[in-house]
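Analysis of the macromolecular model
Chain by chain, the residues:
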Amino acid sequence: MKKKISDDILSKFSEMISTQMGLYFPQERYHDLMRGVSSAAKEFGFKNVEACIEWLASSPLKKEQIVILASHLTVGETYFFREPKVFEALENYILPEIHLSKNELEGRLRIWSAGCCTGEEPYSIAIMLKRVIPDLEDWQVTILATDINPRFLQKADEGVYREWSFRGTPDWLKQNYFKKLDEGLYEIIPEIKHMVKFSYLNLVEDTFPTLFNDTNAMNMILCRNVLMYFTQKQIRKIIERYYYTLLESGWLVVGPSETSNLFSPHYRTVNFPDAVLYQKNDVISTTHFQESVINIVPESDLFYTSPIKDKISEIPLDDKEKEPETEIDAIIEEEKEKAEEKETERTLFEEAMTCYQLGYYDDTIDKVMDVLTEEKDNVNAMTLLAKAFANQGKLVEAMEWCKRAIEIDKLNPKFYHLYAAILEEQGHFDAATQSLKKALYMDPNFALAYFQLGNLTRQQGKLDESKKYFNNALILLDDYKHDDILPESDGIVAGRLAEIIRLMNKESLA
Ligand SMILES: C[S@@+](CC[C@H](N)C(=O)[O-])C[C@H]1O[C@@H](n2cnc3c(N)ncnc32)[C@H](O)[C@@H]1O
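Residues numbered from 1 in each chain as written. Predicted model: local features only at pLDDT ≥ 70, side-chain atom pairs only at ≥ 80, totals over all residues.

Another point: the site of the ligand. With respect to spatial proximity, 24 residues lie near the ligand, and among them Gly22, Thr74, Thr78, Gly115 and Cys117 are the closest. When the residues that make up the shell around the ligand are grouped by side-chain class, the tally is 11 nonpolar, eight polar and five charged. There are two domains that each give the shell around the ligand at least three residues, and those are domain 1 (7–73) and domain 2 (84–286). (Near = placed C-beta within 6 Å. Nonpolar A, V, L, I, M, F, W, Y, C, P; charged D, E, K, R; others polar. Domains from an automatic or database assignment.)

Written out as structure tokens, the structure reads:
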């Protein structure tokens with residue numbers, strides 16, 4: 001007998017899909033939701049869609065469930081050089097400007113296609129770079145392409161397309177950048193394919209920006225025709241996080257119907273012929289900053305709500321000024337002073353940490369420098385400094401501080417891991433591999449280092465080796481609870497990393 005689903009369960013389920021996946025199905029779109037879930041139900045082993053929804057709504061969605069739902073609920077509509085006016089703006093105005101800043105950028109160009117679908121968008125970017133930048137081989141180019149739907153990513157990785165993906169494009173596109181296969185299929189040429197790195201990332205739940213999944217220090221983010229499915233609150237949050245992901249004066253490109261959501265102090269609107277793009281506003285007013293901050297971290301975590309001066313004033317005046325009377329009093333006093341000093345330093349470091357988590361890298365650097373003036377061998381301060389510099393794309397400085405930390409504490413695996421991430425971003429893959437191996441020599445249980453090694457070898461096409469490293473990471477991750485934050489990970493959760501690795505393992509087997 002057909003089971004009837006209650007409105008309460010349906011609305012709870014729709015809320016879960018929105019919170020955990022960003023996909024927004026209000027009441028008037030319940031029929032789309034039901035249609036998507038009825039095709040997903042078979043994969044979940046249910047004949048009856050209502051029973052499947054009840055089962056899914058009974059506890060928070062697991063990654064495997066999100067993956068299957070994403071394959072049935074996301075919209076895979078995309079094609080090469082979609083909205084050509086945007087590409088014209090990039091080609092005629094933005095890339096020449098970036099090209100002129102080559103020295104300032106230390107020859108690095110980093111672009112993120114967030115919600116890349118089956119790859120047409122990031123490959124279009126790669127093709128455009130190839131056509132427009134004459135000295136491309138002298139640049140260190142990263143095109144990161146991420147999506148929530150692993151089936152789309154797998155298709156993107158294969159790089160084989162039908163005629164429909166080329167609608168409205170000029171002939172030179174297929175002639176120069178694709179190999180014609182049988183049955184009307186076209187395969188992207190290896191030269192372009194190798195320029196794009198595909199990876200799983202759920203914009204609503206996963207961590208960014210961080211050096212550890214390559215989402216830091218971007219010159220440009222394209223997130224087109226993705227945000228329109230999200231709630232206003234999620235859009236605001238993601239757009240703010242993009243702000244911290246972008247380098248100074250970096251560019252955000254969204255779809256034409258998504259622009260009204262961008263009334264944000266973080267960006268200035270720049271009108272190009274028939275295209276509107278957004279540029280990171282490097283200076284935002286304090287009022288705006290405080291307003292926007294409220295959306296990204298709980299108030300209790302903000303250092304504004306408990307400035308150091310309040311903490312210091314909590315110590316009674318009498319205690320601060322009282323003269324020690326005996327020798328024992330003097331010792332107690334000295335200890336107390338030391339503890340107070342430590343407290344102030346810890347607080348300053350914590351403030352720097354908070355600034356870092358908020359993406360306020362200049363402030364992080366100022367505060368950490370203050371910590372280092374007091375405590376010049378503080379290696380934790382040095383690595384925080386290195387990360388803040390790396391997130392601003394200043395890899396020379398990042399490298400320098402990381403090296404200093406290593407000089408002081410040669411046996412600390414986390415410094416070698418950070419060093420490897422910086423080296424990898426500079427394109428020094430062999431040196432990065434060596435550094436990760438050192439980290440693992442010192443700490444054979446360093447799951448994140450195995451993950452990074454898996455990524456590095458995968459990128460170099462060494463799939464067997466990569467699988468071995470990923471499997472080692474999975475074994476180690478088994479010892480964590482799903483929601484445990486991994487050490488040295490900028491907030492990456494153990495369970496999610498394990499799920500991402502499983503997906504990548506599947507992809508490399510495909
Ligand atoms: C309509 S396509 C846009 C593709 C491409 N950006 C373009 O404009 O042609 C939307 C993409 O967003 C992805 N998406 C939806 N929700 C997402 C999420 N929470 N995180 C990451 N990607 C998501 C979908 O899987 C889909 O591939």
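Another point: the packing of helix α16 (residues 379–391) against helix α17 (residues 395–408). Relative orientation of the contacting elements α16 and α17 amounts to 160 degrees, with a least axis distance of 7 Å. As far as their axial angle goes, α17 and α16 are roughly antiparallel. Along this stretch, α16 crosses α17, giving a crossing that reads as left-handed. Contacts between α16 and α17 pair Val379, Met382, Thr383, Leu385, Ala386, Phe389 and Ala390 from the former with Leu395, Glu397, Ala398, Trp401, Cys402, Arg404, Ala405 and Ile408 from the latter. When the residues that make up the contact of α16 with α17 are grouped by side-chain class, the tally is 12 nonpolar, one polar and two charged. (Axes fitted to C-alpha atoms, helices over the stretch in contact; angles between N-to-C directions. Helix = DSSP H or I, 4+ residues; strand = E, 2+ residues; numbered from the N terminus. Parallel < 35°, antiparallel > 145°, perpendicular 65-115°, else oblique. Left-handed = near helix turned anticlockwise from the far one by under 90°. Contact = placed C-beta atoms within 7 Å.)

Moving on, we get to the pairing of strand β6 (residues 196–200). Most of β6 sits out of view: four of its five residues are buried. Bridge count for strand β2 (residues 140–147) against β6 is five bridges, and the pairing is parallel. Each residue of the ladder has a partner; that of Thr146, found in β6, is Ser199. (Buried ≥ 20, exposed ≤ 12 C-beta atoms within 10 Å, placed from the backbone. Pairing = 2+ DSSP bridges.)

With that out of the way, let us pick up the sheet that holds strand β5 (residues 185–188). With respect to topology, three strands assemble into an open sheet ordered β3-β5-β4, the strand pairing being antiparallel. Each edge of the open sheet is held by one strand with a lone partner, namely β3 (160–162) and β4 (178–180). The mean inter-strand angle of the sheet, taken between neighbouring strand axes irrespective of direction, is 35 degrees.

Another point: the nonpolar core. Formed by 135 residues in total, the largest nonpolar core has its most connected members in Ile221, Leu385, Cys402 and Tyr450. Domain assignment of the residues forming this core places at least three in each of domain 1 (7–73) and domain 2 (84–286). Ignoring sequence-local partners within four residues, the contact set of Tyr450 consists of Leu440, Tyr469, Asn472, Ala473 and Leu476. (Core = buried A, V, L, I, M, F, W, Y, C linked by C-beta atoms within 7 Å.)

A few words now on the sheet that holds strand β7 (residues 218–223). Hydrogen bonds along the backbone pair up the strands of a sheet, which may run parallel or antiparallel. As summarised here, the arrangement of the seven strands in space is β6-β2-β1-β7-β8-β10-β9, forming an open sheet in which the pairing is mixed. Among the strands making up the open sheet, the edge pair consists of β6 and β9 (267–272). With direction set aside, neighbouring strand axes in the sheet form an average angle of 20 degrees. Set on the sheet, helix α10 (residues 232–245) makes contact with β7, β8 (246–254) and β10 (275–280); between it and β8 the angle comes to about 140 degrees.

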